[in-house]
Amino acid sequence: DEYNVVAAAEKKGERVEGGWRVCRFEMATPVPSYLVAVAIGVLEKRDVGPRSTLYAHPSTMEAAEEELRGVPEKYLTAAETMFG
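Criteria and thresholds
Residues numbered from 1 in each chain as written. Predicted model: local features only at pLDDT ≥ 70, side-chain atom pairs only at ≥ 80, totals over all residues. Heavy atoms only, no water. Helix = DSSP H or I, 4+ residues; strand = E, 2+ residues; numbered from the N terminus. Rg over C-alpha atoms; globule rule 2.2 N^0.38 Å. Buried < 20%, exposed > 50% of the residue type's maximum accessible area, 1.4 Å probe, protein only. Contact = heavy atoms within 4.5 Å. Areas by Shrake-Rupley, 256 points an atom, 1.4 Å probe, with all protein chains shown as cover. Pairing = 2+ DSSP bridges. Polar contact = N/O pair within 3.5 Å; in protein donor to acceptor, adjacent residues only side chain to side chain.

Engineer: Sorry if this is basic, but what is going on with the overall build of the protein chain here?
Structural biologist: In terms of regular secondary structure, the protein chain is built from 2 helices and 6 strands. What you see in the protein chain, going N to C, is helices and strands ordered as β-β-β-β-β-β-α-α. Radius of gyration (C-alpha) of the protein chain: 15 Å, far over the 12 Å computed for a compact globule of 84 residues. Each principal axis of the C-alpha distribution contributes one length, and for the protein chain these read about 50 × 35 × 20 Å. Looking at the 84 residues of the protein chain, the share that counts as buried comes to 14%. Counted over contacts in the protein chain with a minimum sequence separation of 6, partners at least 24 positions apart contribute 26%. In the structure as shown, the protein chain presents an accessible area of about 6,600 Å², 56% of it carried by carbon and sulfur atoms.

Printed below as a string of structure tokens:
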């Protein structure tokens, strides 16, 4: 299985260097280091809302999608209502 690399940032490039796959990500808005997210593995991707994407191993994707479908949007909408 092929490993995927994802992050809470825009992927800007990928290359092979010295036998390693090197991925470059860029985040336009500065964030504290505790908000940085990176995942590497055999991952599938599914949208679970208009602004939310789920990455999970294929063996757990159906259950994860069922549990999360629509949930992130509720929290995002609530936060926008409370904080603008």
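Picking up after the structure, the text goes on.
Engineer: I keep staring at the pairing of strand S5 (residues 44-49) and nothing clicks. Help me out?
Structural biologist: Of the strand pairs in this sheet, S5 and strand S6 (residues 52-56) are connected by 5 bridges, and their pairing is antiparallel. Paired with Lys45 across the bridge in S6 is Tyr55. Between S5 and S6, which pair antiparallel and follow one another directly, the connecting turn spans 2 residues.

Engineer: Whenever I open this one, the side chain of Ser52 confuses me. Can you help?
Structural biologist: Along the chain, Ser52 falls in strand S6. Assessed through its relative accessible area of 8%, Ser52 is described here as buried. When sequence neighbours within four positions are dropped, the list of residues in contact with Ser52 reads Arg46, Asp47, Pro72, Glu73 and Leu76.

Engineer: Honestly, the environment of Arg15 in this entry has me stumped. Any pointers?
Structural biologist: Along the chain, the position of Arg15 falls in strand S2 (residues 10-17). For Arg15, the residues in contact, after removing those within four places along its chain, are Trp20, Arg21 and Val22. At a separation of 2.8 Å, a polar atom in the side chain of Arg15 contacts the side chain of Glu17.

Honestly, it's all geometry; don't read function into it.
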